[in-house]
Amino acid sequence: MAEIPTWAPLSEEVLADQRAHYDERRRACPVARSPRGVTVLRHADVVAVAQDPATFSSGASVFRSVPNTMDPPEHTAYRSLVDAFFTRERMAALEPEVRRIARAVVAGLGDRTDAVTGLGRRFAVHAQTSWLGWTGQEDRLVRWMSANHDAARSADRGRTAAVAAEFDELVAEQVALRRAAGDDAPDDPTTELLHAVVDGRPLTDAEIVSVLRNWTAGDLGSIAASLGVVVHFLASSPEVQHELRQVALGGQGSAADELAAAVDEMLRIDDPFLVNRRVVTRPAQVGGFDLRPGERVYLNWTSANRDESVFGDPDAYRPTENAAQNLVWGTGVHVCPGRPLATMELVVVLTELLRATRQVVPDPDRRPVRETYPVGGWAHVPVVLRR
Ligand code: HEM
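Residues numbered from 1 in each chain as written. Predicted model: local features only at pLDDT ≥ 70, side-chain atom pairs only at ≥ 80, totals over all residues. Heavy atoms only, no water.

Turning our eyes to something else, we now look at the site of the ligand. Taken together, 25 residues lie around the ligand, and His75, Arg79, Arg278, His334 and Cys336 are the ones closest in. Between the ligand and Arg79 there is a distance of 2.8 Å, counted from an oxygen atom to a side-chain nitrogen or oxygen. For the ligand, an oxygen atom lies 2.7 Å from a polar atom in the side chain of Arg278. With five residues, the top contributor of residues to the shell around the ligand is helix H10 (residues 205–236). Of the residues assigned to the shell around the ligand, the class counts are 13 nonpolar, nine polar and three charged. (Near = heavy atom within 4 Å. Polar contact = N/O pair within 3.5 Å; in protein donor to acceptor, adjacent residues only side chain to side chain. Helix = DSSP H or I, 4+ residues; strand = E, 2+ residues; numbered from the N terminus. Nonpolar A, V, L, I, M, F, W, Y, C, P; charged D, E, K, R; others polar.)

This brings us to the pattern of salt bridges. By the definition in use, this model includes 29 salt bridges. A salt bridge links Glu192 to Arg90; its shortest N-O distance comes to 2.6 Å. Placement of the pair is Glu192 in helix H9 (residues 189–195) and Arg90 in helix H5 (residues 88–107), with a sequence separation of 102 residues. For Glu192, a relative accessible area of 30% translates into the label partly exposed. Judged by its relative accessible area of 31%, Arg90 is partly exposed. Here Arg140 ties to Glu173 by a salt bridge, and the two come within 3.0 Å at their closest N and O atoms. Here the residue Arg140 occupies a position in helix H7 (residues 138–154), and Glu173 occupies one in helix H8 (residues 157–181), the gap between them amounting to 33 residues. With a relative accessible area of 27%, Arg140 lands in the partly exposed category. Members of the salt-bridge network, linked through shared partners, are Arg19, Asp23, Arg26, Arg27, Asp270, Arg306, Glu308, Asp315 and Arg370. (Salt bridge = Lys/Arg side-chain N within 4 Å of Asp/Glu carboxyl O. Buried < 20%, exposed > 50% of the residue type's maximum accessible area, 1.4 Å probe, protein only.)

Right, let's talk about the coordination of the iron atom of the ligand for a bit. Counting protein donors around the iron atom of the ligand gives one, Cys336 (SG), at 2.3 Å. Relative to the assigned elements, Cys336 resides in the loop between helix H15 (319–322) and helix H16 (339–356). (Donors = N, O, S within 2.8 Å, 3.2 Å for Na, K, Ca; no water.)

Another aspect to go through is the sheet that holds strand E3 (residues 56–57). Within a sheet, neighbouring strands are paired by backbone hydrogen bonds and run either parallel or antiparallel to one another. The strand order across the open sheet formed by five strands is E1-E2-E10-E7-E3, and the pairing between neighbours is mixed. Unpaired on one side and paired on the other, strand E1 (31–34) and E3 mark the two borders of the sheet. In the sheet, strand E2 (residues 37–40) pairs with strand E10 (residues 296–300) via three bridges, with the strands oriented parallel. By the bridge assignment, Val40 is partnered in E10 with Leu299. (Pairing = 2+ DSSP bridges.)

For the rest of this paragraph, the subject is the side chain of Glu207. Considering the arrangement of structural elements, one finds Glu207 in helix H10. There is a polar contact of 3.2 Å between the side chain of Glu207 and the side chain of Arg201. Ignoring any residue separated from it by four or fewer positions in sequence, one finds Glu207 in contact with Arg64, Val66, Tyr78 and Arg201. (Contact = heavy atoms within 4.5 Å.)

This brings us to helix H4 (residues 74–83). Every buried residue of H4 is listed here: His75, Tyr78, Arg79, Leu81 and Val82. The buried residues of H4 all sit within an arc of 155 degrees when viewed along its axis, so they share a single face. (Arc of directions from axis to C-beta.)

This next bit is on the nonpolar core. One broad rule of soluble globular proteins: the nonpolar side chains tend to lie buried together. Grouped together as the largest cluster of nonpolar side chains are 82 residues, with contacts concentrated most on Leu119, Phe123, Leu193 and Trp215. Leu119 has contacts with Val105, Val106, Leu109, Thr113, Asp114, Leu227, Val231, Val349 and Leu353, leaving out every residue within four places of it along the chain. With 20 residues, the next largest nonpolar core counts Val46, Val280, Leu291 and Leu327 among its residues. (Core = buried A, V, L, I, M, F, W, Y, C linked by side-chain atoms within 4.5 Å.)

Examined against the element boundaries, Glu352 turns out to sit in helix H16. For Glu352, a relative accessible area of 5% translates into the label buried.

Now for the pairing of E2. Remember that side chains alternate between the two faces of the sheet whenever the strand is regular. Judged from the four bridges that link them, E1 and E2 form a sheet pairing that is antiparallel. Bridge pairing links Val31 to Val40 in E2. Where E1 folds back onto E2 in an antiparallel hairpin, the turn is made up of two residues.

Put simply, the second largest pocket is a space of about 600 Å³. Lining the second largest pocket are 24 residues, with Glu95, Ala256, Asp257, Thr343 and Met344 sitting closest to its centre. Mapped onto the lining of the second largest pocket, the elements with two or more residues apiece are H5, helix H11 (238–250), helix H12 (255–269) and H16. Sorting elements by how many residues they give to the lining of the second largest pocket places H16 first, with seven residues. When grouped by side-chain class, the residues that make up the lining of the second largest pocket number 13 nonpolar, six polar and five charged. (1 Å grid on protein atoms, 1.4 Å probe; cavity = no way out; pocket = protein on both sides within 12 Å on 5 of 7 lines; lining within 4 Å. Points joined across faces, edges and corners; volume = space filled by probe spheres on them.)

Turning next to empty space enclosed by the protein. With a probe scaled to a water molecule rolled over the atoms, the places where space remains empty come into view. With the rule as written, the count across this model stands at two cavities of 30 Å³ or more. Roughly 90 Å³ of volume is contained in the largest cavity. Class assignment of the residues belonging to the lining of the largest cavity gives a composition of seven nonpolar, three polar and one charged. Considered as a void within the structure, the second largest cavity measures approximately 60 Å³ in volume. Considering the residues around the second largest cavity, the lining is formed by Asp17, Gln18, Arg19, Tyr22, Asp270, Asp271, Leu274, Thr302, Arg370, Glu371, Gly376 and Gly377. In the lining of the second largest cavity, the residues fall into two nonpolar, four polar and six charged.

Now the structure itself:
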């Protein structure tokens, strides 16, 4: 059996253009090894691993995270608890407030802005605090997100633990406020979690914090990063932008579905949600290579979403044709529960941005800057808004 080729995914060379390096690697070999573990690069293998939690466990981290690091059957009960927060009805009820926030953020932007830090972060943090009932905590959350991001990138366990403790404190305050208020506690998802029951007992405080940490990290970072990708794509593809503006202005019943399909396809081409980890539980094979129990595996969504054996030209924008194979939201038991929320938020803010502008074009004086591991997409997307 041939050895898995090695690479250095965090080297400066790879970080300079992660997506292009993943493309190169994927074409050369289905898997690549670094001291951190084995990265799975092709679509079919990523799907196979994600859909086999008995062989590829999500318990790869030393931290227990609800429900992310759990495997079935433990995962199942926690997951249905989480899913109940993202139903179609709940998202519809939330939409008017998210639209109000999107309009206010777009109206407050200057003619020149950064789609990630100007539009994305501002929108994401306000949408998040309004959803969870944490209004007033916006600045603290933005600071935490950036510290969390830096800690994850440093791969320094001490730093990661310190940042996690900081977040626990923020959440613990929110929980304490609601416990003290008793029956007068606000009617929001944070209060609801205090009363949620799994296997006949309430969640522990550690579990509540863990769920909220996943939601916050899932929402804030990924929404801002996704907006960067979407706005960059629109500014670089004036025809698609024109077409989608007509859809947004038309406001037909199917407009939201059409815009959601467009967003999914832009994120497939440049998936900012790079990887998730698994650990091998029994002798296994991936892409024709043997893996031993205990080995750590990275599912590389960004690469799998550009696999030419599935999508042909990975950069060709084909929302309808590519939808069924799109892996932006994952697959298997851990498939993203936050998808309805993320999609609603992205569609609403995209609609309001397109309605409020005649054109969004790249800023001729400032170049976009790529984001780096553990995030993909863009760190900065400077654009000019023509109103
Ligand atoms: C553009 C935005 C988002 C993208 C691209 C995304 C993508 C993903 C992917 C690929 C997974 C699968 C992880 C795995 O297999 O290990 C996942 C899981 C998850 N996502 Fe998202 N997500 C987004 C937004 C959100 C939001 C807004 C929330 C919640 C508010 C959220 C909460 C979660 C949680 C809790 C899991 C773990 C589910 C489980 O283990 O069963 N995500 N997400």
